[in-house]
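Notes for the structure review
This is what each chain is made of:
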Amino acid sequence: SSGINAEYGEATMQMENFDAFGKSDQGSSSMHPSDAVKMQEAMRQIQMALAMESQMDIIKAMNEKCFERCIYKPSNSALGGSERQCIAKCMDRFQDGLKVVNQTIMQRSRTEAEAMQNSAE
C-alpha cells in the first residue's frame, strides 16, 4: 500500500520484511537469509529514491508557481524587497495548502482502513 507523509508530502511504500531465516511477514519464503537482507536494503534504497524524487517534484512545482506569480521582469540584478516578500508568502501558502491536502489524504486513508477492518469483522 502507499501513503503520503502528512508533513512533508513524501510518498511511502509498504515494505515486506524478512526475518534472519528469509521468512517474509507477508507469507513464507524460501529465500536465503543473505538474499532477504539484500532485498530489504534494495527496497529501502528504492523507497528513499522515490521519496527524494517526490520532494524534488514538490519543490519544482512550488518554484514554478511562485516565480510566475512574483517575478514580473526577470533580470540579472538581485530580487527587490517586494519580490522577496511575495515569494516568501507564496511558498508559505503553497506549503500550507500541501499540508491540508496531505492531512485530508491521510484522514481518508484511515477512514477507509477502518471501514475495511469493520467490514471484515
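Heads up: the structure comes first, above all this text.
These numbers were taken from a predicted model, which means no experiment stands behind them.

Here's the deal with the environment of Asn 63
- Structurally, Asn 63 can be placed in helix 1 (residues 33-70).
- Judged by relative accessible area, Asn 63 falls into the partly exposed class, the value being 44%.
- For the pair Asn 63 and Met 91, spaced 28 residues apart in sequence, the C-alpha to C-alpha distance is 8.1 Å.

Describing the state of the cysteines
- Scanning the entire structure with this criterion turns up two disulfides.
- A disulfide bridge connects Cys 66 with Cys 90, and the sulfur atoms are separated by 2.1 Å. Every disulfide takes its handedness from the sign of the S-S torsion; for Cys 66 and Cys 90 that torsion is -90°, giving left-handed. With Cys 66 in helix 1 and Cys 90 in helix 2 (residues 81-120), the pair connects residues that are 24 residues apart, well separated along the chain. An identical accessibility class is assigned to Cys 66 and Cys 90; each is buried.
- Among the cysteines of the protein chain that take part in disulfides, numbered as they appear in the sequence, the pairing is 1-4, 2-3.

Criteria and thresholds
Residues numbered from 1 in each chain as written. Predicted model: local features only at pLDDT ≥ 70, side-chain atom pairs only at ≥ 80, totals over all residues. Heavy atoms only, no water. Helix = DSSP H or I, 4+ residues; strand = E, 2+ residues; numbered from the N terminus. Buried < 20%, exposed > 50% of the residue type's maximum accessible area, 1.4 Å probe, protein only. Disulfide = S-S within 2.5 Å.

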